[in-house]
Amino acid sequence: MMKLNKTLATVTLAGAVAAMSAPAMARDTISIVGSSTVYPFATVVAERFGTSSEFPTPKIESTGSGGGLKIFCQGIGTQHPDITNASRRMKPSEFELCQGNGVEEITEFRIGSDGIVLASSAEAEHMDLTLEQLFLALGEKVPQDGEWVMNPHKTWSDVDSSLPNKPIRVMGPPPTSGTRDSFNELALAGGCDELPEAADLSEDEHGAICESIREDGAFIEAGENDNLIVQKLIGDKDMYGVFGYSFLEENADRLQAAAINGVEPEPELIAQDKYPIARSMFFYVKKAHLGVVPGIDDYVAEFVSPRAMGPNGYLKDVGLIVPTRDSLMALQDKVDNMPNLTLDELK
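Residues numbered from 1 in each chain as written. Predicted model: local features only at pLDDT ≥ 70, side-chain atom pairs only at ≥ 80, totals over all residues. Heavy atoms only, no water.

Enquirer: Looking at this structure, how should I read the state of the cysteines?
Expert: Linking two cysteines covalently through their sulfur atoms gives a disulfide. The full count for this structure, using the stated rule, is 2 disulfides. A sulfur-sulfur distance of 2.0 Å marks the disulfide that ties Cys73 to Cys98. The sign of the S-S torsion, about -75°, decides the handedness of the disulfide formed by Cys73 and Cys98: left-handed. Residue Cys73 is found in the loop between α4 (65-72) and β3 (83-86), and its partner Cys98 is found in helix α5 (residues 92-100); the two are separated by 25 residues along the sequence. On the accessibility criterion, Cys98 (0% relative accessible area) is buried. Disulfide pairing is shown between Cys192 and Cys210; the S-S distance is 2.1 Å. Here the residue Cys192 occupies a position in helix α8 (residues 178-192), and Cys210 occupies one in helix α9 (residues 203-210), the gap between them amounting to 18 residues. (Disulfide = S-S within 2.5 Å. Helix = DSSP H or I, 4+ residues; strand = E, 2+ residues; numbered from the N terminus. Buried < 20%, exposed > 50% of the residue type's maximum accessible area, 1.4 Å probe, protein only.)

Enquirer: When you look at a negative patch on the surface in this model, what are you seeing that I'm missing?
Expert: Together, Glu132, Glu185, Asp193, Glu194 and Glu211 give the surface a local cluster of negative charge. Assessed through its relative accessible area of 45%, Asp193 is described here as partly exposed. (Patch = residues over 30% accessible without salt bridge, like charges linked within 9 Å, V, L, I, M, F, W, Y side chains within 5 Å. Areas by Shrake-Rupley, 256 points an atom, 1.4 Å probe, with all protein chains shown as cover. Salt bridge = Lys/Arg side-chain N within 4 Å of Asp/Glu carboxyl O. Lys, Arg positive; Asp, Glu negative; His and termini not counted. Charge placed at Lys NZ, Arg CZ, Asp CG, Glu CD.)

Enquirer: Sorry if this is basic, but what is going on with unusual backbone geometry here?
Expert: It is generally the case that most residues other than glycine have a negative phi and that most peptide bonds are trans. Positive phi is not limited to glycine here, since Asn261 has a value of about 55°. Note that Asn261 resides in the loop between β12 (259-260) and α12 (267-271). Look at Met338: it is not a glycine, yet its phi comes out positive at around 45°. Structurally, Met338 is set in the loop between α16 (325-337) and α17 (343-346). Owing to a relative accessible area of 1%, Met338 belongs among the buried residues under this scheme.

Enquirer: I tried to follow the pairing of strand β7 (residues 147-150) on my own but got confused; where do I start?
Expert: Looking along a regular strand, one sees the side chains alternate between the two faces of the sheet. As defined by bridge partners, strand β6 (residues 141-144) adjoins β7 across 4 bridges and the pair is classed as antiparallel. When the bridges of β7 are listed, Val142 appears paired with Val149. Joining the antiparallel neighbours β6 and β7 is a turn of 2 residues, in which Asp145 adopts a positive phi near 55°. (Pairing = 2+ DSSP bridges.)

Enquirer: Any chance you could explain the nonpolar core here in plain terms?
Expert: If you look at soluble globular proteins, the nonpolar side chains tend to sit buried side by side. Counting 53 residues, the largest nonpolar core has Leu118, Trp156, Val170, Phe183 and Phe243 as the members making the most contacts within it. The leading source of residues in this core is helix α6 (residues 131-138), at 6 residues. Apart from the residues within four sequence positions on either side, Trp156 is in contact with Leu118, Met127, Leu129, Ala137, Leu163, Pro164, Lys166, Pro167, Ile168, Arg169, Val170 and Tyr240. Grouped together as the second largest cluster of nonpolar side chains are 33 residues, Phe109, Val293, Tyr314 and Leu328 included. (Core = buried A, V, L, I, M, F, W, Y, C linked by side-chain atoms within 4.5 Å. Contact = heavy atoms within 4.5 Å.)

Here it is as structure tokens:
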């Protein structure tokens, strides 16, 4: 059912693109960009949507969370994407970029949770790390004698004598990955903030020091292929890997994960944000495109439907830690109301 706000959005978009040529205006396929972490879930929904509805299968590009939001916020008009996925929440600066480019009405959907794990072979020694220890192992700079110095720790026992006496060797995603962004923010910065020296850092210094991974070989970038990390861990009991919980679950017979601050990465604890490196996943809808590019609201409704995100939904089958019943009902209400995201909500 077309609502008044969709009609107004159609008029707004039509005016904004009136100067465009007819071929440029014509688009009947939903365009989605954004997070590589959300990409597998969005792809499953898009394929189901394409086969079960009258609309074409949406086109999805994996651009990373930050890259997707930048593209999404460039403007309205069918040369710009309709939806962007993100493995973190939109930043206030990104919201302001959108507003400045005329993307003034945006609806946010929090679609579920994911935990970032530090995994190893099931045959390796199990570790229980604090966030502080994780930062001291992987941070580019660490405090010594009141100064921030390049990380000198070579073994886990250098960080804390209670940890294994073996080299710090961790494989993980590149800087373009939303998983890397979230790991830096939740794990590294979370651990850095436990150190008394962090309290004296300026905002710029905090970002540069607390969210920077060492580049001396202890952390090995493995590209966007998490399956490559899994294979390396299976063959090397001294290696650890950083990736999303779903990959751990898929390989639970061969891999284990370190406890973080005494908490194991279990679905219930991740969903309740009780696991320290838990993150929420989102997608954002450009309301000005509703009713102009056909099927956007129907695609969103499919994504948050009980058959997709319910306790027995097909997204749970592919590793999404689905929201609670109440949260899912709230998401379904959003499809009907499409409330505008505000800057205050992001602060």
